[in-house]
Amino acid sequence: MTAVRQDAWSSEDDLILAEVTLRHIREGSTQLAAFEEVGEKIGRTAAACGFRWNSCVRKKYEEAISLAKTQRQKRSYYKKQPTNSGIQVAGLGLSEAEAGYYKMEGASEETLSIDAVIRFLKQWKGSLQENGRQLKMLEKELREKEEELNNLRRVNERLSREVSEVQTDYRVVNDDYKALIQIMDRARRLAFLNEEDEELKSRFKMDANGNLERIE
């Protein structure tokens, strides 16, 4: 029985899920069968694998899914063509499905070989061109992401400098504020002492002998 795991999905789990699911798509199988296979490999339920695929992993492999579906259609097309076991086309050793695709009714083996080679090479060229276009798209997307990352890094550096400057200004202002408070406090104490001196002067007077006498 497949164990139910509660831990988070790792990048390796996601990669296994993507590889197996894409393979099933290419081979014309169902995603449910893919989820069951993945579940057995990583110890999760098929339902958990399906939820993970649809909620998170699938959107990362949209182009790969499209390519897998195209390959599945080609496989399906080859299977529907008449086969001719053992045909060797110009030494290429094509499969029965490919040989059936290239076979022309009434053509000699020599003519079949030439036509098969031409069609095979054209198809191969088309596949390479399609893969090349997809590769260029991925490279363009990668360059855009790198440029976006560089822009974000520059913004982050600028904001870091601004934060550092604000922190420095804050420390200066704070120090000035503390110094001002100390000055005001000293001024208040000095004013209080001056008031006491004046009050003492008003309460006492010096007699002819140089003694202070209290004024009532």
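1. Focus on the overall build of the protein chain
(1) Moving on: For the protein chain, the helix and strand inventory stands at 6 helices and 2 strands.
(2) Moving on: Tracing the protein chain from N to C terminus, the helices and strands come up as α-α-α-α-α-α-β-β.
(3) Moving on: Across the 216 residues in the protein chain, those meeting the buried criterion constitute 17%.
(4) Moving on: Per element, the accessible surface of the protein chain, about 16500 Å² overall, is 54% carbon and sulfur.

2. Considering the packing of helix H1 (residues 11-26) against helix H2 (residues 31-42)
(1) Moving on: H2 packs onto H1 with a crossing angle of 145° between their chain directions and a minimal axis gap of 9 Å. In this structure, H1 crosses over H2, and the sense of that crossing is right-handed. Note on element contacts: H2 touches H1 through Gln31, Ala33, Ala34, Phe35, Glu37, Val38, Lys41 and Ile42, opposite Asp13, Ile16, Leu17, Val20, Thr21, Arg23, His24 and Ile25.
(2) Moving on: In the contact of H1 with H2, the residues fall into 9 nonpolar, 3 polar and 4 charged.

3. Remarks on the pattern of salt bridges
(1) Moving on: Scanning the model with the defined rule gives 9 salt bridges in all.
(2) Moving on: For Arg52, the salt bridge is made with Asp14, and the minimal N-O distance between the two is 2.8 Å. On the criterion of sequence distance, the pair formed by Arg52 in helix H3 (residues 46-57) and Asp14 in helix H1 is long-range, its members being 38 residues apart. Summarising the burial analysis for this pair, Arg52 and Asp14 share the class buried.

4. With respect to a negative patch on the surface
(1) Moving on: A contiguous patch of negative charge on the surface is contributed by Glu62, Glu63, Glu141, Glu144 and Glu148.
(2) Moving on: Within the residue set of the negative patch, elements represented by two or more residues are helix H4 (62-80) and helix H6 (109-203).
(3) Moving on: With 3 residues, the single largest contributor to the negative patch is H6.
(4) Moving on: Classification of Glu63 as partly exposed rests on a relative accessible area of 31%.

5. Some remarks on the packing of aromatic side chains
(1) Moving on: Across all of its chains, the model carries 0 aromatic pairs by this definition.
(2) Moving on: The ring of Trp9 carries the charged tip of Arg44 above its face, separated from the ring centre by 4.2 Å.

6. A word on the side chain of Arg44
(1) Moving on: Position of Arg44 among the secondary structure elements: in the loop between H2 and H3.
(2) Moving on: Polar contacts involving the side chain of Arg44 include one to the main-chain carbonyl oxygen of Ala8, which spans 3.3 Å.

7. Here's the deal with the nonpolar core
Generally speaking, soluble globular proteins have nonpolar side chains that are buried together.
(1) Moving on: Counting 15 residues, the largest nonpolar core has Leu17, Val38, Cys49 and Trp53 as its most contacted members.
(2) Moving on: Per-element tally for this core: the top contributor is H1, with 5 residues.
(3) Moving on: If we ignore the near neighbours within four places in the chain, the residues touching Cys49 are Trp9, Leu17, Phe35, Val38, Gly39, Ile42 and Arg44.

8. Overview of a nonpolar patch on the surface
(1) Moving on: On the surface, a cluster of nonpolar side chains totalling about 380 Å² of accessible area is made up of Tyr177, Leu180, Ile181 and Met184.
(2) Moving on: Mapped onto the fold, Ile181 is located in helix H6.
(3) Moving on: Judged by its relative accessible area of 36%, Ile181 falls in the partly exposed class.

9. Remarks on the confidence of the model for the protein chain
(1) Moving on: Residues at a pLDDT of 70 or more form 70% of the protein chain, whose mean pLDDT is 78.
(2) Moving on: Ignoring residues within four places in sequence, the model shows residues 83-112, a span with pLDDT below 50, making 43 contacts including any to other chains.

Quick notes on the rules
- Residues numbered from 1 in each chain as written.
- Predicted model: local features only at pLDDT ≥ 70, side-chain atom pairs only at ≥ 80, totals over all residues.
- Heavy atoms only, no water.
- Helix = DSSP H or I, 4+ residues; strand = E, 2+ residues; numbered from the N terminus.
- Buried < 20%, exposed > 50% of the residue type's maximum accessible area, 1.4 Å probe, protein only.
- Areas by Shrake-Rupley, 256 points an atom, 1.4 Å probe, with all protein chains shown as cover.
- Axes fitted to C-alpha atoms, helices over the stretch in contact; angles between N-to-C directions.
- Left-handed = near helix turned anticlockwise from the far one by under 90°.
- Contact = heavy atoms within 4.5 Å.
- Nonpolar A, V, L, I, M, F, W, Y, C, P; charged D, E, K, R; others polar.
- Salt bridge = Lys/Arg side-chain N within 4 Å of Asp/Glu carboxyl O.
- Patch = residues over 30% accessible without salt bridge, like charges linked within 9 Å, V, L, I, M, F, W, Y side chains within 5 Å.
- Lys, Arg positive; Asp, Glu negative; His and termini not counted.
- Charge placed at Lys NZ, Arg CZ, Asp CG, Glu CD.
- Phe/Tyr/Trp six-rings, centres within 6.5 Å; stacked < 30°, edge-to-face > 60°.
- Lys NZ or Arg CZ within 6 Å of the ring centre and 35° of its normal.
- Polar contact = N/O pair within 3.5 Å; in protein donor to acceptor, adjacent residues only side chain to side chain.
- Core = buried A, V, L, I, M, F, W, Y, C linked by side-chain atoms within 4.5 Å.
- pLDDT = per-residue confidence, 0-100.

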